[in-house]
Structures are given as structure tokens and as C-alpha cells.
Amino acid sequence: MNDRTPYLVSLFLVFAGSGFIQKHLGLLGVIGYLLIIVGVVWFTLQFGKHLHRWMQKYFRFIAPMCAVITVSMFAVLNPWEDGKGPEKSSDRDEGLNMAVERMIHGETPYYSQNPVAGPLSLLPGAIVIAAPFVALGDSGYQNVFWILIFFALADWHFRDRAVALSWLMLILFLSPAVAYEYISGGDLIANGIYVPLSLALAIHAWGKPESSKWQKIIACLFVGVCLTSRSNLPFLVPLYAAAIWRVAGFKSAIVASVMTSSVIILLTVPIYLHDPAGFTPLISRKKLALVDHAIPHMSWYLVALTAVVGSVFAVRLLRRSDDVLEAVFRYGALVMIAPMFGLVLLHSVVSGNLEFGLMLDRFGLLFLFFAVLGWGKNLFGKPVYASYSVDS
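Residues numbered from 1 in each chain as written. Predicted model: local features only at pLDDT ≥ 70, side-chain atom pairs only at ≥ 80, totals over all residues. Heavy atoms only, no water.

Trainee: Residues and numbers for the pattern of salt bridges, please.
Mentor: For the structure on display, the rule yields 4 salt bridges. Where Arg-362 meets Glu-181, a salt bridge forms, and the shortest distance between an N and an O atom there is 2.5 Å. Remark: Glu-181 occurs in helix H8 (residues 176-184) and Arg-362 occurs in the loop between helix H15 (324-351) and helix H16 (365-375); sequence separation between them is 181 residues. Linking Lys-377 and Glu-326 is a salt bridge whose minimum nitrogen-to-oxygen distance equals 3.3 Å. Note that Lys-377 is positioned in the segment after H16 and Glu-326 in helix H15, a separation of 51 residues in sequence. Judged by its relative accessible area of 10%, Glu-326 falls in the buried class. (Salt bridge = Lys/Arg side-chain N within 4 Å of Asp/Glu carboxyl O. Helix = DSSP H or I, 4+ residues; strand = E, 2+ residues; numbered from the N terminus. Buried < 20%, exposed > 50% of the residue type's maximum accessible area, 1.4 Å probe, protein only.)

Take a look at the structure:
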């Protein structure tokens, strides 16, 4: 088997964790981390036949053990991490808890500056999705749930439970970005999983003739809520529209896009208009603006770059005959990584050193799960069948 696509996933994995590694181990640490990840992928490809057979044989023992370890890791380490206090631990879960509680009391979810949590960069969709978990006690619980959902999605997509579980364990235990976000209860793991899930459900609903009208409507509404979670995610709308066009035709793509875009607008605009100055998701643009002092308006060029990349891949999806869902996962990863890669590159040029510090906040998790689903099917060097093809 000559497929080398798992190596592409390793590059996404390293880039997602590069900021964390560089902070603690320097640039040599990033290089060493790259070699370790590539080495692990090489090992699985070289000995994939035996590893895959072993995973399948003992899956009923391995899967529960992995589940117990994963849940226990959160149950034990999350309280410890939170207990370190403000400015010594991640405050994303506290901020999300506060936002949900404010919405329950009829207030805008965006709170003023306080010592408990920093300004909330999430859009309202993420707050809506986190609400059930806040009701259970803490928004951080959603990561445990969505990790299980990711396994189910990967199992369905790859049609191979051993591949699905192996990737999940690799990214959870070999990525410091994923591990820390999981332990701290941050939202980026959930965010990185429910977006590709929503796209998969919508493409499946629109592509199957037996799907009811309500299944299609609910799928579109869910996509809208998921894309209204962070400010860069609406750039996936052209790709989403192209995918629906491929599986259901042009008119269906228009209908689906209008429904999804309406959700994005209705969730965002009223809250913004209520208090434009207090709409803290706009502060996320400050990360893009870090290079504006050296290259005027560069942050806007990066926004434009993301829009162009999203549109180009949408057109590419319409012109190619490859598997629709796999292409959406691959192109989605590239749309998400484009502004981050551009920002790291520009910041490195401005600083005169290779600088990954901008990845320290773990935003790479927004593209990592897309990448695993898009390029991860041949982890063991064996072909597996994709979940949905426009020709199936």
C-alpha cells in the first residue's frame, strides 16, 4: 500500500500543537515532536496489517479500557486544572458557563471584564450547544460527549472501528493541544467535532432520496447553529453549498444555504445590535491584527484569503468526481488552516524567527478533526471505504 495520506494528518497534528510545544521546549522541541509523530505514523503504516488484526481481535477489551482512561483523565485532572485559579488555568469553560447562565436570565451572553474569565470569543451558536452541559454542571462535560461522537462519526465514515479508535487515541494522547483542551474543559474540541459532524449529517440527509423534508430542515438548522460558534466558520458556507449541489442539485443547494445562513444571521445580528460595544467575539480579530503594525491592513487580507480559499475549494468540489464527504473534510481542514498558517508565516517574517506562539491558544483544533476524517482512512496501510459517495 503506497498511500501516504496519514503523513498529512501528522503535519496537521504537529501544527495544531506547535505553539504549546515551542513555549515549553523551544523550536528544537517542535522539530523533535514532528519526528515523533511522523515516526508513529510510519510505524502504523509499516506494521499496519498486524496492528489492525490485533485491534480488531481485542477491540471489545481495548475500547472500554480507552473509554475508562479518557473519562477518568477528565474526572481527575479537570478539577485540579480549574483549581489553580484565575490566570493560572484555562478559563474557557468558566466563560462559557457564565454566558449560558446570562442567557437563561434573559441577558446578553457577553459579560463585562471580570476576574473569573476573559472576554468570550465564541459566537452564540457555541453557547446554545453548550447549554445542556452547563445544565448538567459544567460546559467542560461536552468534550467527553463529543469525543464519543467523534468516534461514532469516524467509525461510520471509515467503516472501520479500529482506525477510528486509533486516531482518537493518537490525537488525544500525542497532541498536547488536544490533551490540555480536554483536561481544562475548553470548547475547542467540541467545536472542532460538531462542525464536521453537522456537515456530514446535512450532506447525508440531502443526498439520500428517502430522507424526509424535516430531516433536511433540521440538518440545515444544525449546520447553521454549529457554524455560528466561531467567527471563521461561516467561511465554510460556500463549501457546504457546493456539497449539497453535488448530491442534490442546484435548487437544493440554494434552499439549504438560505436556511443555514438565516440561522447564522438570526443568532448573531440581534445580539450584536443589542450591544455592539460589548460583542466580545470581535476581539478575536486582534489575533489577526498582530501583524498590522508591520504590514498595514494585513488582517483584512487574511480574512479575504480565507474567503477566497473557501470559494476556490467550493468550485473545485463541483468540478471533481471524488467522494463528496471526504472532499468536504479535506477542503474544510484547508479552509480552517489557511488564516492560521498565514498568520504564523507573517508573524515569523516580522519577528525574524520561526514563531508558532500564535497557535498556543489551541485554535488548531478547529482543523485537526477535519484533517483526520479527510486523510486518516489508511492509517494501517489498508484501503477502507468512505461513508458516502455521490455515485453510491
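Moving on, there is more to tell.
Trainee: An account of H16 is needed here, citing residue identities and associated values.
Mentor: Since the α-helix packs 3.6 residues into each turn, any two residues three or four apart lie on the same face. In terms of residue burial, H16 counts as a mostly covered element, since 11 of its 11 residues are buried. Among the residues making up H16, those that are buried are Leu-365, Leu-366, Phe-367, Leu-368, Phe-369, Phe-370, Ala-371, Val-372, Leu-373, Gly-374 and Trp-375. Buried residues in H16 make contact with helix H1 (5-46), helix H6 (141-158), helix H7 (161-174), H8, helix H9 (188-207) and H15. (Contact = heavy atoms within 4.5 Å.)

Trainee: An account of the packing of aromatic side chains is needed here, citing residue identities and associated values.
Mentor: Taken as a whole, this structure holds 20 aromatic pairs when the rule is applied. Taking the centre distance of 5.0 Å and the plane angle of 70 degrees together, the rings of Phe-150 and Phe-369 count as edge-to-face. Taken together, the residues span a long stretch of sequence, with Phe-150 in helix H6 and Phe-369 in helix H16 at a distance of 219 residues. Ring geometry for Phe-313 and Tyr-331: centres 4.7 Å apart, planes at 20 degrees, overall stacked. Of this pair, Phe-313 sits in helix H14 (residues 298-319) while Tyr-331 sits in helix H15; the two residues are 18 residues apart in sequence, bridging distant segments of the chain. Pair check on accessibility: Phe-313 and Tyr-331 agree, each one buried. These aromatic residues form a ring-pair network of at least three members: Phe-12, Phe-15, Phe-341, Phe-356, Phe-367 and Trp-375. (Phe/Tyr/Trp six-rings, centres within 6.5 Å; stacked < 30°, edge-to-face > 60°.)

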